[in-house]
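Structural features, examined
Residue-level listing of the chains:
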Amino acid sequence: MEPASTSAAPTEQWKNDLLFYLNGKRVNLKTVDPHMTLLEFLRSPQISLTGAKLICGEGGCGGCTVMVSRWDSATQKATHSAVNACLLPLAAVDGAAVITVEGIGNVEYLHPIQQRLAEMHASQCGFCTPGIVMSLYAFLRMRPHATAKEIEEALDGNLCRCTGYRPIIAAAHSFASDAPNVAPSRKVCPSSGKPCDCGDGDNIFEIVTKNTANKFPTDLIFPPELKRTSLRPLQVVSADQKTSWFRPTTAVEATQLLERFPGRTIRPIVGSTEITIERKFKNVVHANYMYLGNVSEMNVLEKHQDFVRIGGSVPLGAVLDYLRRLMRDESIPLYRTRSLAAVCEQLRWFGSTQIRNVACLAGNIATASPISDVTPTLWAVGAKILIQSASDKTARSVPLDETFILGYRKTRLQENELIIAIDIPLTKENEFVMSYMQSRRREDDIAIASAAFRVVLSQERKIQSATLVFGGMDAFTKCAKLSSAALIGQDWDEHMLTTTLNNLKQELQLAPNAPGGMIEYRRALCLSFFYKFFLHVQTITANPDQEKSLSGDTEHNHIKSGTQDYEVYPDRAPVGHPVVGISAFKHATGEATFVDDIPPRANELHAAYVYSTQPHARIKSIDSSPAFAAADGKVVAFLSAKDIPGANLGGLTHLTDELLFAKDQVHAFGQVIGVVVAEDHESARQAARRISVEYEPLESIISLREAIEKKSFEKPTYTYKFGEIDSAWSTCSKIIEGEVSSGAQNHFYLEPQSSIAYPGEGKDVSVVASTQGVTNCQKLISAVLGVPLNRVEVKVQRVGGGFGGKETRGAHPAATVALAAKILKRPVRIVVDRDDNMLVFGGRHPMITKYKAGVDADGKIIALEFDMFIDSGWHKELTPEVLMIALWSASSAYKVPHFRATGYVCRTNKVSGTVFRATGRPQSILFMETIIEHIAHTVCKRPDEIRRLNLIGLGELPPCKSVVDTDMDRIWSELVSKSKLAQRRQECDDFNKKNRWTKRGLAVTPMLFGMGLNPKSLMQAGALVHIMTDGSVLLHHSGVELGNGISTKLVQIAALTLGVPVENINNVETSTSTVPNSTATCGSITTDLAGPAVQDACRQLRDRLQPIRQKLGPDASFADVAAAAYAERVDLTAHGFAKTYDVWWDWEKGEGKIHEYYTSGAACTVVEIDSLTGHHRVLSTDIVLDVGESINQAIDIGQIEGAFMQGYGFYTMEEMIYDARGCPITRGPGTYKIPAAGDVPVDFNVSLLKNAPNPKSIFSSRAIGEPGVILAVSVVTALRDAIRSARQENGNGDWFE
């Protein structure tokens, strides 16, 4: 990096300080680090506004959303925008007003958005909630009369891994102009957030208004000082004088700066959507930055007679709004706006709302990305670019075509030139334009391929002009010039179509190893795009009246909706009622504290992992000196295996094959070698990258198939059987065989792995960790430090999502910082960056299954055999346990008289997988449902018929040898009725007959989910309850709040048992010092374990207080009873304990009791798929699920919906991609796509089975945290149904997997 220029700015009018308002308070900074983001500033110890979260650092999740307001002098109004604070440089907010979640409300005085989200159960773990609040707040400040559809669009940049989005959307809809206002004191229907007058019925969540006094001030006004302050050019310099930030306000000032800093020594920016990512992930930094967001000439929006001019710096969101207004302008003929519609089609799906609020067209064009969605469209419509340099008096116009796009990220733009504006021509009546793109996820995703087409037809429908442009088909935007030229003079007919498709096949070639992969799919997409364009033009020319309906976004005309059906239990309140989560209001206001929100202590250090960059190699040497040399004295230590005083263990202490830090050899790309400890996070991160490791490469195995071929199997092999399978084959009418596979899935919990260690006296150490298992952490720290367990305290208040990924994996960072803290005698914090988090910590295991099934003539299963292969990675971790569960669950909800399953743990040189929500079952159920469909194909029946035929019955024994205690027949029948299955099936069939390329599919899939942890030593829990003399209650328990609602449910249980209101009970952190020897929160059954323990402690206290209560009389308050008990020296503390289910399994004998009971259900899903592109959407999902008698219906439904969407991601969207070294390419939200709000089923209905008590669990409930994942297999099978319809119409009836 070259040193910054500190020479005088072009004129004395340039100011040199930063002025903005933060939550209504004036902020004036004399020195600013141009590299510092707004989020870093907000979360700094000096400001300590931690509501905005750092989740990804690349603007792909919305967790850091804040509102930035600016004064528009032209309209004399403030504009309000939701932005990603993790990307926006602090220097860019000069002259702006910034509002964070803390600035709009708090738990005492809630803003209506905060209140509505909390009370409508739109928060689970709460880590994403502040960002969602601010997205809605900013949007509604700008558009107070927005429609429900518009509000849904505003959520496209906010990810949530817990809720499944349905309650978030419902809460957001309650603010829509086309929905009735919600009176906070009334009851609100959870399906829509609208007022409900159905009395005390089953289908309502009760609103409990906290903000009755309405004391919180109204929304902060835009600061008058900023209205009066005219915008001046700005230059600020960092404190070390190494970096400068310039903000010109005119094109002349901007181009003069380019002349002043030749050789690209100054970096022009507007949205900063690329430079922040470059700095973080590529270590690209610049000495000088020029912010162009306030250049007047670059902020125009003008309609001319034949074109529309878009300023180069105008945010894309503003461009989209402006073009949409023009398209609605009835004074402009519709045909004139075809080019605008094509641009809007790309801008609508460009990034997210937050990205569109800062990104601009000029930046998108100048970067010349080969996968740009917008550039092909602008090229095709004939856009012109206005370019200006310091020597130009005015901007000059150049076409955006091959004369401007010169190569990979290369344009004809000279280093002293700027893109001032873009002119988009309006189309003529005989000119037709359309644009297309396809991505893994519709919202906020880069295109796999994109295209834009333009043709001009004569009255005789001969082609006079044509332009076919593609993105993602070369190292730069590609115009198919040969195919375009060949179109001239042809008739617009099917012969032309055939010829052009053949021409494009020849012209659109990709190398087999082209970046991005999916070579044939990308080529097929481009052909499909042109075919769709052909159909579009055919439709418009034949029926001009249809053009208006075709120019809109029909996909998002469907507003999300849903219902929730359940019963409440008035005789046991608050148990059996949908009580609002005890931390929901803290989530919504940003006051809920997570690990990295804890203020730093004096002398606190930061740690960053050093990991292997080889899949398998011998470590020859490690040189840490470069890290110290380049860190300006901020690096304190580098710790490796040689520094560990105890055992070098990295996970569960009984597993010795995982190391905390690699020693002698590395076995996977991403295996941790050591840790750098520095004065701040960025210094630690940068220094970790500078550690030099010399390797001697060794042979490696990367893929699961390679491991199978080379028989890279761990011992033992797991086999269990049921019935007499060897003799059963001879009784089968038909036998089928096949193979099916599933890939990896990342947990993508929003709070990254995080821990803080505080050294204590002597051997003592205290750790705050984001973990599902405090005892797991405690044991590993004890082993690594070589100290007794009683010297180690681990605690956690709440976790921002875990899903199994922090059950054992959370122990590694905890042990790392504990080691560093004890050695350095200073507090040490580690917050693992998202890209490293996805590299170092494993997810759901890839699996391959080979199957053989035998059936009778009707399709009834007689015999079934599996060979399952699971990719363990470089060490076992819990892979054998995952495989065991997959084997036990393999028959799903079907009766299989004769069964054999064999499982192989395969070792590869990748980071090892671990447990993940529904452990092992999503893979095995996918395999089983594939077999069901294969059977249906073989016997020529619908898959739903085969499922119903083979459904296991109440009291029957499945291969896992735990008797079924839930009524699958009743569940199936109820789902058939509630989903109107016959009607929907007929509607799908009718739709498919009428539509050639768009098909619908339907599927009903059952689910049987066994509950219990093996070994049975895990089936125990503790609780500690204190009653204070004022009657308030302090509750400790062994569970961890992950967004699973465990703390709320346990508070409900305690309140009922003690006879006090929920508000009287304070659920505090989980700690090894208060409730030791705890089982990790996993397997859905923590309420089953900790609930009886809490109940036990509260019963003890209730019984102790009973004589006092009798003495004081029935009118005495609980506070009076507590005070009197203290006076009588009655112990007001009780320890509760529970040991629950006796589950076990003996592999040698093939005997045992794996499950205590089952949670069961079924789902009916309808999907629609575009058979030309593969794009699909879920039209409806109906779920019926037996949860017994629910302790909290809102929590249970939230778990079902969230789990379903997580399973939907696994089955259809989420894909971990690895390079040849086993390094994941997908290491953040930019490349790894979890479902977004737009992916929620259009109609999403959940019904809890009524009158179905479970006598084996507390309050007759059933566990529910994981089973919903399995129900998402209905999406896959519905997609198969739709694809089957398309194939059959083409005469292809072959079986496909």
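All of these numbers come straight from a predicted model, not from anything done at the bench.

Examining the overall build of the protein
A tally of regular secondary structure across the protein gives 36 helices and 47 strands. Radius of gyration (C-alpha) of the protein: 31 Å, near the 34 Å computed for a compact globule of 1297 residues. When its C-alpha atoms are laid out on the principal axes, the protein stretches across 90 × 75 × 70 Å. Intrachain contacts of the protein at a sequence separation of at least 6 include 77% that bridge at least 24 residues. Here the protein contributes 136 positive and 143 negative side-chain charges, whose respective centroids are spaced 1 Å apart.

Describing the packing of aromatic side chains
With the rule as written, the count across this model stands at 34 aromatic pairs. A centroid spacing of 5.4 Å and a plane angle of 35 degrees characterise the contact between Phe 453 and Phe 533, whose relative ring orientation is tilted. Of the two residues, Phe 453 sits in strand 18 (residues 449-457) while Phe 533 sits in helix 16 (residues 519-542), which places them 80 residues apart along the sequence. Of the two residues, Phe 453 and Phe 533, neither departs from the other in class, the shared state being buried. Seen from their ring centres, Trp 492 and Phe 533 are 5.8 Å apart, and the 80 degrees between their planes marks the pair as edge-to-face. Placement of the pair is Trp 492 in the loop between helix 14 (481-487) and helix 15 (494-507) and Phe 533 in helix 16, with a sequence separation of 41 residues. Among the aromatic side chains, those forming a connected cluster through ring pairs are Tyr 436, Phe 453, Phe 470, Trp 492, Phe 529, Phe 530, Phe 533 and Phe 534.

Structural notes on the nonpolar core
Of all hydrophobic cores here, the largest spans 187 residues; its most connected members are Leu 117, Ile 151, Val 767, Ile 781, Ile 1027 and Ile 1183. With nine residues, the top contributor of residues to this core is helix 32 (residues 1086-1112). In this structure Ile 1027 touches Ser 1032, Val 1033, Leu 1058, Leu 1101, Leu 1105, Phe 1118, Ala 1122 and Leu 1132, once residues within four positions along its chain are discounted. Membership of the second largest hydrophobic core comes to 95 residues, among which are Phe 261, Met 298, Leu 316 and Val 319.

Here we look at the sheet that holds strand 38 (residues 1020-1027)
Spatially, 40-39-38-42 is the arrangement adopted by the four strands of the open sheet, whose pairing is mixed. Two strands close off the open sheet at either side, each with one partner strand: strand 40 (1065-1067) and strand 42 (1133-1139). If you compare each strand with its neighbour and ignore which way they point, the axes differ by 20 degrees on average. Pairing of strand 39 (residues 1033-1037) with strand 40, which is carried by three bridges, proceeds in the parallel orientation. Its bridge partner being in strand 40, Leu 1034 is matched across the sheet by Asn 1066.

Overview of the pattern of salt bridges
On inspection of all chains with the given rule, the structure shows 86 salt bridges. With its nearest N and O atoms 3.7 Å apart, the salt bridge here joins Asp 833 to Arg 685. One end of the pair, Asp 833, is in the loop between strand 33 (828-831) and helix 25 (834-840); the other, Arg 685, is in helix 20 (residues 681-690), with 148 residues separating them in the sequence. Among the salt bridges present, the one from Glu 1168 reaches Arg 1177, with a minimum N-O distance of 3.3 Å. Just as Glu 1168 is buried, Arg 1177 falls in that class too. The structure contains a network of salt bridges with shared partners spanning Glu 929, Glu 933, Arg 942, Asp 944, Arg 947, Arg 985, Asp 989, Arg 1280, Asp 1281 and Arg 1284.

A word on the packing of helix 27 (residues 921-939) against helix 28 (residues 943-950)
At a minimum axis separation of 8 Å, helix 27 and helix 28 run at an interaxial angle of 110 degrees. Compared by their axis directions, helix 27 and helix 28 come out roughly perpendicular. Crossing angle aside, the handedness with which helix 27 passes helix 28 is right-handed. Across the interface between the two elements, Glu 929, Ile 932, Glu 933, Ile 935, Ala 936 and Val 939 of helix 27 pack against Pro 943, Ile 946 and Arg 947 of helix 28. By residue class, the composition of the contact of helix 27 with helix 28 is six nonpolar, no polar and three charged.

Considering the environment of Gln 115
Its location among the elements puts Gln 115 in helix 2 (residues 112-119). Residue class for Gln 115 comes out buried when judged on its relative accessible area of 7%. Remark: the alpha-carbon pair of Gln 115 and Gly 105, spanning ten residues in sequence, is separated by 9.4 Å.

Here we look at the pairing of strand 9 (residues 288-291)
Two faces belong to every sheet, and in a regular strand the side chains alternate between them. Of the two faces of strand 9, the one carrying Asn 288 and Met 290 and the one carrying Tyr 289 and Tyr 291 are both buried. Judged from the three bridges that link them, strand 7 (residues 244-247) and strand 9 form a sheet pairing that is parallel. Among the inter-strand pairings, Ser 244 is bridged to a residue of strand 9, identified as Asn 288. Here strand 8 (residues 267-269) runs beside strand 9; their pairing, made up of three bridges, is parallel. For Pro 268, the partnering residue across the bridge sits in strand 9 and is Met 290. In terms of handedness, the path from strand 8 via helix 8 (residues 275-282) over to strand 9 forms a crossover that is right-handed.

Section: the side chain of Arg 826
Relative to the assigned elements, Arg 826 resides in the loop between helix 24 (811-824) and strand 33. In terms of polar contacts, Arg 826 uses its side chain to reach the side chain of Glu 679, at 3.3 Å. The residues touching Arg 826, leaving out its near neighbours within four places in the chain, are Asn 603, Leu 605, Val 636, Glu 679, Ala 757, Pro 759 and Ala 821.

With respect to the side chain of Glu 933
One can find Glu 933 in helix 27. Setting aside residues no more than four positions away along its own chain, Glu 933 makes contact with Pro 943, Arg 947, Thr 1277, Arg 1280, Arg 1284 and Trp 1295.

A few points about the environment of Ala 1194
Within the secondary structure layout, Ala 1194 lies in helix 34 (residues 1193-1212). Residues Ala 1194 and Ala 447, 747 residues apart in the sequence, show an inter-C-alpha distance of 37 Å.

Quick notes on the confidence of the model for the protein
When pLDDT is low, close inspection of the predicted coordinates is not appropriate. Taken residue by residue, the protein gives an average pLDDT of 92. The fraction at 70 or more is 95%. pLDDT under 50 marks residues 1-10. Its contacts with residues more than four places away, or in other chains, come to 30 contacts.

Digging into unusual backbone geometry
Most peptide bonds are trans, and most residues other than glycine sit at a negative phi. For the peptide bond that leads from Ala 573 to Pro 574, omega is 5 degrees, which places it in the cis range. Of note, Pro 574 is situated in the loop between strand 21 (561-565) and helix 18 (584-589). Put simply, Asn 1014 and Pro 1015 share a cis peptide bond, and its omega is 10 degrees. Counting through the fold element by element, Pro 1015 comes out in the loop between strand 37 (998-1011) and strand 38. Backbone geometry places Asp 664, a non-glycine residue, at a positive phi of 75 degrees. Mapped onto the elements of the fold, Asp 664 is located in the loop between strand 24 (635-640) and strand 25 (665-666). The residue Phe 803 is not glycine, and still its phi comes out positive at about 60 degrees.

Here's the deal with helix 29 (residues 968-978)
When helix 29 is considered as a whole, its buried residues turn out to be Met 968, Ile 971, Trp 972 and Leu 975. Taken end-on, helix 29 shows its buried residues confined to a sector of 100 degrees, consistent with a single buried face. Looking at the buried side of helix 29, the elements it contacts are helix 28, strand 37, strand 45 (1157-1170) and strand 46 (1176-1186). Its side-chain oxygen 3.2 Å from the backbone nitrogen of Asp 969, Asp 967 forms the N-cap of helix 29. Two residues or fewer after helix 29 comes Lys 980, characterised by a positive phi angle close to 50 degrees.

The rules behind the values
Residues numbered from 1 in each chain as written. Predicted model: local features only at pLDDT ≥ 70, side-chain atom pairs only at ≥ 80, totals over all residues. Heavy atoms only, no water. Helix = DSSP H or I, 4+ residues; strand = E, 2+ residues; numbered from the N terminus. Rg over C-alpha atoms; globule rule 2.2 N^0.38 Å. Contact = heavy atoms within 4.5 Å. Lys, Arg positive; Asp, Glu negative; His and termini not counted. Charge placed at Lys NZ, Arg CZ, Asp CG, Glu CD. Phe/Tyr/Trp six-rings, centres within 6.5 Å; stacked < 30°, edge-to-face > 60°. Buried < 20%, exposed > 50% of the residue type's maximum accessible area, 1.4 Å probe, protein only. Core = buried A, V, L, I, M, F, W, Y, C linked by side-chain atoms within 4.5 Å. Pairing = 2+ DSSP bridges. Axes fitted to C-alpha atoms, helices over the stretch in contact; angles between N-to-C directions. Salt bridge = Lys/Arg side-chain N within 4 Å of Asp/Glu carboxyl O. Parallel < 35°, antiparallel > 145°, perpendicular 65-115°, else oblique. Left-handed = near helix turned anticlockwise from the far one by under 90°. Nonpolar A, V, L, I, M, F, W, Y, C, P; charged D, E, K, R; others polar. Right-handed = clockwise from strand over helix to strand, strands pointing away. Polar contact = N/O pair within 3.5 Å; in protein donor to acceptor, adjacent residues only side chain to side chain. pLDDT = per-residue confidence, 0-100. Arc of directions from axis to C-beta.

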